Amino acid sequence: MTDQKTIKIYLYTRFERLWHWFQAAVVITLIITGLEIHGTYSFLGFKTAVRIHNYIGLTWLTLFAFFVFWLFTTGEWRQYIPTTKRLFSVVRYYAWDIFQGKPHPVQKSTHAKHNPLQRLAYLGISAMLLPVQMVTGLLYYLYNDLQGFFALSVLAGIHTLIALFLLNFLIIHLYMITTGHSVLGHVAGMVTGWEEVTDTTAIEDWETKAVRKN
Amino acid sequence: MKKRIVFSCKMAATAIAAFLCFLSPAFAATPENSDDAPGRRLARQAVKGSKQWTTTDHKKMEALNKDFTSGEEITRACISCHSEAATQFHKTIHWTWLASEDKTDLRYGKAGFSVNNFCISGNAMEDKSCLSCHPGWDKKGVQGEVNCLKCHNSSGFNFEEALTDVKSFLKDEDPEAHEMAKDLQQDIKKAVTQVTFPDRKSCGDCHFTGGGGDGVKHGDLDTSLTKPNRMLDVHMGTDGKNFTCTRCHTTTEHNIAGRIYTNPAVESRKSLIEDDLAPKITCESCHSAMPHKNDSKMNDHTDVVSCQACHIPSFARVNPTMMMWDWSKTGKMKDGKPYTEDGEFGKPVYKTIKGEFKWEKNVIPEYYRFNGSLTSTTADDVIDPGQIVKVSQPVGDKSDPQTRIFPFKIHRGKQPYDKVHNKLLAPILSGSKGFWTTLDMNDAIERGNKTLGLPYSGQFDYVETTYAMPITHMVAPKENALACTECHIRETSRLAGITDLYMPGRDRFRLVDTIGWVSVLGAFVAVLLHGLGRFFMRNGKED
Ligand code: HEM
């Protein structure tokens, strides 16, 4: 590690950082208020929790549409294309090599911001959990106007399960950011946009598919 | 670098705030305490500037300028102008005590086969003590003449007593007695002319003391409503809207709007905007079906939950109400004599002639689905004595659009039933042969059932019963309406008994919660171990 030199690259654009922190705040707020609505604890008061949950949920839902628009117009969606290549070595890294102080097998670059394991996780979250959570949330919100359409209990069951899965993700995510070059390295990256990466081999061709070649 | 961070944060905060304001006008636009709930606005409008007025001064009416010697004479004087009043009134349940329009149908009504678990039966008007609440003269029941003053007089004068005295004084030879009769008749004349529309006391004289005493029967109707404050009842409160009963219990041809045994008060809930001549008996009549502020979650409740369920947090808030009456305990003596024992609230907990009672104050209602109709077990219906008999029970079904979750007082009782016929029995209570005099239940039943023309096998026992009464008065000011967590809470939900719907905060699926929390805990443990691993291996660094 010591013999490798680190460089700083501009990894996250202002929009991406803004979206990231906005979404972080939103999801955390929704989990806190959601679990109160679920009856797990009382904190803000049921009425307040419901009100905040609904406002934040709907706001996020609307903005998410813009996010999806951005994702597709910029081609950034390619960052999430799942790959099994080097997936195993990333898994092995976190399961084993990290304890030995070995370097991360996949380097970040502007064209490949996420490693294969992240891709899979974020794709699962963004493409599966969040949309389902938003849809069930919206249906829950509109339940009174769409009566007879579906059972509230089923909706609530799915919504609660995913809420807890997202809490699960949050815990792992918060932990994973401590695995950067320094404990707060990744945090700084997401705040400033500049991330410290090890200057190793050139980015391989398969990782840069996000760039149009013609 | 630092500048950048600060700038980013500022940007983010501004953007989020802007989006929130943009998307949620209610966040920014609704000042606290602004009173823009449409339901209140509508109702205020509906009762605005409606002072009652009249073209008649009864003091100037020649027909009333008389020395009356009997109640019937007074009534005839009324009818001399109000020619149809008695005819109309004779057709109403207030007069006949029978629910059906067909007055030969004895099934429901206290002059028919209906029973409750208080004083049990009206014994076809044969139990004369019941008739103190019949609006005729001198407890003559439907045989007598209508006593208009019972509901239309504000003097508080005891006409029946005075007229009895007048009669006996006039019979007397003594001229002094005649003088006294004349004086009394002057008083009567003065009192008679104080004609009014019924006020709370007029209705309350009977309806506040149903079951034989203040607050015995209803729980949401007792003498505290004669002059309530708005904390007790926003509509009737003298410092509130000061409504009389008839403000909502509107009347056509002396038929007064309200539920009659199994018949709901209205066929369907309508606001005055939909039908301005509909009775004003439902909350929706004046407040509409969407009474809360436009963005309020509460409006999403109104198709399932009645207004009363949240806006009457508890009943019997000033005077206590009877919650249990056990007839099987009657007959105990103290020193060989009947006795009364008072308990909490200064209310009797035991009476030799009536049995054992329980009273409560600030009672939290029980909640049932209710479409406005009650099933009623009469003295002519077969019961299952192995179970608690529901003498009166709300009818309602989740799929019925008229049904709402509604608050009830459930009065529990133990009362006699026929062991052979399996029917509730109707003992006669007052009078020289009544149970209260003889303390002989078997004989009282024999006589009581005879008044109804219902057979009695000669063998009785006591059976537990419940009697449900809808709670709809004593509407509290809005700040005292129930908080969400009175129902949306895991263990102590007021709606614990209503299990056919999913309620956030109350309900959950054990499997979902278990899987979810195990995964959360799993993540936590994994992260902890991984972190400890890294810490102790020092990320493989050798120093
Ligand atoms: C990170 C995303 C979210 C999380 C973690 C989350 C969590 C929760 C949880 C745990 C509940 C309680 C479920 C129950 O016990 O029945 C809940 C209720 C609810 N959620 Fe979400 N939720 C999220 C997103 C959304 C979104 C996007 C909406 C859309 C508006 C939404 C709308 C609702 C509604 C309407 C309720 C029921 C509240 C009520 O009683 O009115 N949620 N949420």
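This is a predicted model, so every value here is computed, not measured. (Residues numbered from 1 in each chain as written. Chains lettered and ligands numbered in written order. Predicted model: local features only at pLDDT ≥ 70, side-chain atom pairs only at ≥ 80, totals over all residues. Heavy atoms only, no water.)

Caption draft 1: Quick look at the overall build of chain A. Scanning chain A from N- to C-terminus turns up six helices and two strands. N-terminal to C-terminal, the α/β element order of chain A is β-α-α-α-α-α-α-β. Residues counted as buried form 42% of the 214 residues belonging to chain A. Considering only contacts within chain A whose residues lie at least 6 apart along the sequence, 69% involve residues at least 24 apart. In the structure as shown, chain A presents an accessible area of about 11200 Å², 68% of it carried by carbon and sulfur atoms. (Helix = DSSP H or I, 4+ residues; strand = E, 2+ residues; numbered from the N terminus. Buried < 20%, exposed > 50% of the residue type's maximum accessible area, 1.4 Å probe, protein only. Contact = heavy atoms within 4.5 Å. Areas by Shrake-Rupley, 256 points an atom, 1.4 Å probe, with all protein chains shown as cover.)

Caption draft 2: Structural detail: the site of the ligand. Around the ligand there are 27 residues in total, and H38, H53, Y140 and H159 of chain A together with Y502 of chain B lie nearest to it. What surrounds the ligand is not a single chain but chains A and B. Interatomic distance of 2.8 Å between a side-chain N/O atom of Y140 of chain A and an oxygen atom of the ligand. Between the ligand and H159 of chain A there is a distance of 2.8 Å, counted from a nitrogen atom to a side-chain nitrogen or oxygen. Residue assignment for the shell around the ligand shows that the elements contributing at least two residues are α1 (14-38), α2 (46-74), α4 (116-141) and α5 (152-176) of chain A. Broken down by element, the residue count for the shell around the ligand peaks at seven residues, all from α1 of chain A. For the shell around the ligand, the per-class residue count stands at 17 nonpolar, nine polar and one charged. (Near = heavy atom within 4 Å. Polar contact = N/O pair within 3.5 Å; in protein donor to acceptor, adjacent residues only side chain to side chain. Nonpolar A, V, L, I, M, F, W, Y, C, P; charged D, E, K, R; others polar.)

Caption draft 3: View of the side chain of D222 of chain B. Residues and elements named next belong to chain B. Within the secondary structure, D222 is located in the loop between α10 (200-207) and β1 (251-252). Comment: no salt bridge for buried D222; closest opposite-charge side chain is K347, at 8.5 Å. Within the structure, the side chain of D222 is placed 3.4 Å from the side chain of N319, a separation counted as a polar contact. (Lys, Arg positive; Asp, Glu negative; His and termini not counted. Salt bridge = Lys/Arg side-chain N within 4 Å of Asp/Glu carboxyl O.)

Caption draft 4: Seen up close, the domain arrangement of chain B. In terms of domains, chain B is made up of domain 1 (319-472 + 482-486) and domain 2 (510-540). Its C-alpha centre places domain 1 of chain B at a distance of 61 Å from the equivalent point of domain 2 of chain B. (Domains from an automatic or database assignment.)

Caption draft 5: Inspection of the pattern of salt bridges at higher detail. Residue and element names in this part refer to chain B. Evaluation of the coordinates by the stated rule reveals 19 salt bridges over all chains. Across the pair R107 and D381 runs a salt bridge whose closest N-O atoms are separated by 3.1 Å. Of this pair, R107 sits in the loop between α6 (93-96) and α7 (149-152) while D381 sits in the loop between β8 (373-376) and β9 (389-395), and the two are 274 residues apart along the sequence. D381 gets classed as buried once you look at its relative accessible area, which sits at 17%. Linking D500 and R369 is a salt bridge whose minimum nitrogen-to-oxygen distance equals 2.7 Å. Placement of D500 in the loop between β12 (460-470) and α15 (510-537) and of R369 in strand β7 (residues 366-370) is noted, with a sequence separation of 131 residues between them.

Caption draft 6: Local environment of the coordination of the iron atom of the ligand. Residues and elements named next belong to chain A. Those protein atoms acting as donors to the iron atom of the ligand are H53 (NE2) and H159 (NE2), and they sit at 2.0 Å. The coordination sphere of the iron atom of the ligand comprises six donor atoms, whose angles at the metal cover 86 to 179 degrees; the geometry is octahedral. Of this pair, H53 sits in helix α2 while H159 sits in helix α5, and the two are 106 residues apart along the sequence. (Donors = N, O, S within 2.8 Å, 3.2 Å for Na, K, Ca; no water. Tetrahedral: all angles 85-135°; square planar, octahedral: opposite > 155°, others 65-115°.)

Caption draft 7: Quick look at helix α14 (residues 441-452) of chain B. Residue and element names in this part refer to chain B. Compared with the 16 Å implied by 1.5 Å per residue over 12 residues, the 17 Å span of α14 between its first and last C-alpha is a close match. Buried within α14 we find M441, A444, I445, G448, N449 and L452. Projected down its long axis, α14 shows its buried positions confined to an angular sector of 120 degrees, all on one face. As for α14, its buried residues are in contact with β10 (404-418), α13 (435-438) and β12. The opening residue of α14, the one whose side-chain oxygen lies 3.2 Å from the backbone nitrogen of N442, is D440. Just past α14, the residue G453 takes up positive phi, approximately 70 degrees. (Expected span 1.5 Å × (residues − 1). Arc of directions from axis to C-beta.)

Caption draft 8: Summary view of the packing of aromatic side chains. The final tally for this structure, using the stated rule, is 27 aromatic pairs over all chains. Judged by centre distance (6.3 Å) and plane angle (80 degrees), the ring pair of Y122 of chain A and F169 of chain A falls under edge-to-face. Pair noted here: Y122 of chain A is in helix α4 and F169 of chain A is in helix α5, with a separation of 47 residues, a long-range link. F169 of chain A sits in the partly exposed class, given a relative accessible area of 23%. Between W327 of chain B and F435 of chain B the ring centres are 6.3 Å apart and the planes differ by 70 degrees, which places this aromatic pair in the edge-to-face class. Of this pair, W327 of chain B sits in the loop between β3 (321-326) and β4 (340-342) while F435 of chain B is found in helix α13, placing the two residues 108 residues apart along the sequence. Lying across the ring of F243 of chain B, R247 of chain B places its NZ or CZ 5.5 Å from the centre. (Phe/Tyr/Trp six-rings, centres within 6.5 Å; stacked < 30°, edge-to-face > 60°. Lys NZ or Arg CZ within 6 Å of the ring centre and 35° of its normal.)

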